[in-house]
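Chain and residue survey
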Amino acid sequence: MDVDQLVNKPRRHPYQCLASVTKAKQAGGEGDVYLLAACGPKLLSVNPKQGKIASVWPADEAANVTSEGDPNDGERPAKKLKRGATPPSSGSIIELTVSADQQHAVAVTDDKVIRVFKVDVDGTLQELSQRTMPKRPCAIQVLPDNATIICGDKFGDVYSLPLIPSEPQHTADSSAGAQDEQQQQQPPVEAKPTFKPTASNATVHTKRNRLALEAQQNQKNFSARKEPLKFEHKLLLGHVSMLTDVVFATHKVEGKERGFILTADRDEHVRISRGPPQSHVIEGFCLGHKDYVSKLCIIPGTDMLVSGGGDEELFIWRWPECKLLRKYSLYGALDRAVNRGAQNNGQSAVESAEAAKETVWRGTAQVDLHQVNVSGLWTVPFTKEGGSKENVMLVACERVPALFAIPVNRLQLKQKTEMTIYSFENPPLAVTTVGDHVLVSTDARTTEHVPILRAYQLRHHEGEIKGAVGFALDEEMTKQIRCLEAPSAQVGSNADDKSLDDLLYGVRNLRKRTGPDAPVAPARDGEGEDQVMENGGDEGQAKDEGEA
């Protein structure tokens, strides 16, 4: 192998967002489940049953290519030319969700644009609208009415928008163009004079005031006020801190079903607010976190809320009462996953575990250790012994090559609770369900022998400890979704490690300052309060290793 092959290793772009759409049964046939997968700026719709890609957005402009000249006139055809405008390039997709009626998908790109797609019966994606928000959205959800989007941004604001804009965008664009023409016809406005402070070096003496004066002297003209958004929207609520996650939940109050907006921020807060139109009313706070909160997850069919972030525990709440039910330690499982689990899954897992370390201060010395940074919380189906169904909570920590599984019926138990660790070769990025299958996307950008997506079925096997979750790799389903390998390689050919890391990993940046004056990192012995079971191995082969 030459030097160029070593330097230019084959690279795949991981699928950073996953979702699924279930289409209703049609006359004379069965309904299909489509997998929606975001790979960089591309959104793909896949039929796992057929193993085919149903639709790709943005559409390949090669379909609009035609040739000039008549091939029957005896002359060589002219060079092929593109007809129509090429669709503008978009940023990478950072959020993806589906409406409750399974008719629409909503994606957020890192250029602050919210895009709404219609998902047809055959899985075709049709973009209906695109709206640019003032700040980059960090969380998005379609309300149960299938007509409203709630969107939270990094600035701390939560907006509501109609799923389908009432005014066609071309009409809004034309009206905006007419306004621009009117502004061009108006006489130009004289530029504002440069701002000059009245103070001078002769009147300022303290060091702090001199620095402030220098900043005022160096600043330019004040920027013009930004124009208001040109589409229908409503500001619902705001935080004074960076917003990290938003979920919508319902609860019966005096016999009526009412909506609530649950928000989390960097300043350890979980806030419960009423849903529209009374979203300005704060019902309460779930307080107890000592570090940032990055993810919220409502357990379906219950009033339980799971929150996680930079703390060493998951927090289990009964959110209508803002009551903490219990804390669920993650650090003991994290320690096993990055030490023993990574060693059993090859060099890529060891490198991922090493990259998960953070430099913290312990007294006056710096040490490298693993911190809990919760990057994903999902509820997925689980088949118990005897065939009954229930849900399992899956937890992912940033850059850690493992998933942690906890049956939801054991989350609120006060005694020690079992946790299953399933180790991977690479860190998991996204999880979704297709029927009874759980699909997992991992950061296998350079690990060629590992599928970019894998399908599992979660079961409890006879003879296992109560609460243990078995990950059974479904090779047939995994083979069906291998059609996503080619688009991953195509997008990955233009990507570099830094851009991929910036897109895929950003949770640990929410942790506050580090330095000699920062909070001291606690000494740990690697043990957690809860029982930990390992269930994983190389290339998804299960390996049972029980521990008391």
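Parameters at a glance
- Along each chain, residues carry numbers from 1 onward, in the same order as the chain's sequence is written.
- Given that this is a predicted model, residues contribute local features only at a pLDDT of at least 70 and side-chain atom pairs are listed and counted only at 80 or more, while totals for whole chains, interfaces and linings are drawn from all residues.
- Hydrogens are left out, water is left out, and the side-chain values use all remaining heavy atoms of the structure.
- UniProt positions are given in the numbering used here, feature names are shortened, and annotations may be inferred rather than shown by experiment.
- Strands are labelled as partners when DSSP assigns at least two bridges between them.
- Every helix listed is a DSSP run of H or I at least four residues long, and every strand listed is a run of E at least two residues long, numbered separately from the N terminus.
- Every angle, taken between N-to-C directions, lies between 0 and 180 degrees, and every axis is a line fitted to C-alpha atoms, over only the stretch in contact when it is a helix.
- Should any heavy atoms of two residues lie within 4.5 Å, those residues are counted as being in contact.
- Take a side-chain nitrogen of Lys or Arg and a carboxyl oxygen of Asp or Glu: if they are within 4 Å of each other, that pair is a salt bridge.
- Burial classes: relative accessible area under 20% of the type maximum marks a residue as buried, over 50% as exposed, and values in between as partly exposed (1.4 Å probe, protein chains only).

Quoted verbatim from the Subcellular location (unreviewed entry) field of the UniProt record, the comment on the protein reads "Nucleus".

1. Quick word on the sheet that holds strand β19 (residues 293-298)
The pairing of strands in a sheet happens through backbone hydrogen bonds and is either parallel or antiparallel. With antiparallel pairing, 4 strands are arranged side by side in an open sheet as β19-β20-β21-β22. Sheet topology places β19 and β22 (323-329) at the edges, where each strand pairs with a single neighbour. Between one strand axis and the next, the sheet turns by 25° as a mean value, whatever way the strands run. The sheet contact formed by β19 and strand β20 (residues 304-309) spans 5 bridges and is antiparallel. Looking at the pairing, cysteine 297 lines up with valine 306 of β20.

2. Digging into the environment of histidine 251
Turning to its location among the elements, histidine 251 is positioned in strand β15 (residues 243-253). Sequence separation of histidine 251 and aspartate 303 is 52 residues, and the distance between their C-alpha atoms is 7.7 Å. Setting aside chain neighbours within four positions, we find histidine 251 in contact with Lys256, Glu257, Arg258, Phe260, Asp303, Trp319 and Pro320.

3. Points about the pattern of salt bridges
Inspection of every chain in the model, using the stated rule, returns 17 salt bridges. Put simply, aspartate 267 and lysine 512 hold a salt bridge, and the shortest N to O gap is 2.8 Å. You can see aspartate 267 sitting in the loop between β16 (256-265) and β17 (270-274) and its partner lysine 512 sitting in the loop between α8 (497-504) and β33 (532-535), a full 245 residues away along the chain. Lysine 512 sits in the partly exposed class, given a relative accessible area of 35%. Among the charged side chains, a network of salt bridges with common partners joins Arg11, Arg399, Asp443, Arg445, Asp497 and Asp501.

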